[in-house]
Amino acid sequence: MYIESTQLISIRDKQFEMFIPEEQILARVDEIATEINLAYAELRPLLIVVLNGAFLFAADLVRRLTVQPEVQFIRISTYGDQMISSETAQILLGMEIEVEDRDVIIVEDIVDTGYTTDFFREHLSQQSPKSVRLASLLFKPDNYRGTQAPDFIGFSIAPDFVVGYGMDYAQQGRELRGIYRLSAN
Ligand code: PRP
């Protein structure tokens, strides 16, 4: 067990330091929700939430939307328990979601290399959605090698490993209210 009020926490063999506190995250989620509410007024978008990491971002985002979104979940495997992208992807859950003629917003916790979202966009494009945009709480531009960067970005960050607010290190730390980054110490 760790005490989150401290600036430094340990998860397994690693130390992490406070990076983005809860209040800052929620303030930014407010702003993204406002952007989406303006862009999708009258459109009833279909939010496709990429599990597991995006579940808290999606929960906070959805509760701030006034556009009556539909919400579906998908699971795409990539990282496993490692700290770098393996660059192999596979849809494990959510194959049945119907997107034809829908205004889709993919909801991600983090876009790193961009491999996962490029893979999923390609998968969606075969089913003729009306539009597809991507909302990601975090974006690592220095690592990004994809073709379409997120349309709605919470924070652009350096390529440090991060945990908390849905994101894990070896399946731990998802419950943390703030976002922590791997400490140099
Ligand atoms: C994370 C994140 C994205 C992906 C981003 O998922 O949620 O889906 O990695 O990386 P990329 O841009 O390099 O493809 P992860 O595989 O860690 O699974 P999880 O959300 O279940 O923890």
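Structure: above.
About the criteria used
Residues numbered from 1 in each chain as written. Predicted model: local features only at pLDDT ≥ 70, side-chain atom pairs only at ≥ 80, totals over all residues. Heavy atoms only, no water. Helix = DSSP H or I, 4+ residues; strand = E, 2+ residues; numbered from the N terminus. Rg over C-alpha atoms; globule rule 2.2 N^0.38 Å. Buried < 20%, exposed > 50% of the residue type's maximum accessible area, 1.4 Å probe, protein only. Contact = heavy atoms within 4.5 Å. Areas by Shrake-Rupley, 256 points an atom, 1.4 Å probe, with all protein chains shown as cover. Lys, Arg positive; Asp, Glu negative; His and termini not counted. Charge placed at Lys NZ, Arg CZ, Asp CG, Glu CD. Pairing = 2+ DSSP bridges. Axes fitted to C-alpha atoms, helices over the stretch in contact; angles between N-to-C directions. Salt bridge = Lys/Arg side-chain N within 4 Å of Asp/Glu carboxyl O.

Caption draft 1: Structural context of the overall build of the chain. Looking only at helices and strands, the chain has three helices and ten strands in total. Each helix and strand of the chain, ordered N terminal to C terminal, gives the series β-β-α-β-α-β-β-β-α-β-β-β-β. Its C-alpha atoms give the chain a radius of gyration of 16 Å, near enough to 16 Å, the size a compact globule of 185 residues would have. Here the C-alpha coordinates of the chain stretch approximately 50 × 35 × 30 Å along the principal axes. Within the span of the chain, comprising 185 residues, buried residues form 45% of the whole. Within the chain, contacts between residues at least 6 apart in sequence are counted, and of these 68% link residues at least 24 apart. Surface summary for the chain: the accessible area is close to 9400 Å², and the carbon and sulfur share equals 48%. Computing the positive centroid from 16 side-chain charges and the negative centroid from 28, the chain places the two 2 Å apart.

Caption draft 2: Just the sheet that holds strand β4 (residues 70–77), in detail. Across the sheet, six strands lie side by side as β5-β4-β3-β6-β7-β8; this open sheet has mixed pairing. In this open sheet, the two strands that pair with only one neighbour each are β5 (90–93) and β8 (152–156). Across the sheet, the mean angle separating the axes of adjacent strands is 30 degrees when strand polarity is ignored. Helix α1 (residues 22–39) rests against β6 (103–111), β7 (131–139) and β8 of the sheet, and its axis sits at about 160 degrees to β8.

Caption draft 3: Region of interest: the pattern of salt bridges. In the structure shown here, the tally under the stated rule is twelve salt bridges. A salt bridge links Asp 60 to Arg 63, with the nearest nitrogen and oxygen atoms 2.8 Å apart. Between Asp 112 and Lys 140 there is a salt bridge whose closest N-O contact spans 3.5 Å. Note that Asp 112 is positioned in the loop between β6 and α3 (115–125) and Lys 140 in the loop between β7 and β8, a separation of 28 residues in sequence. For the pair formed by Asp 112 and Lys 140, the shared burial category is buried.

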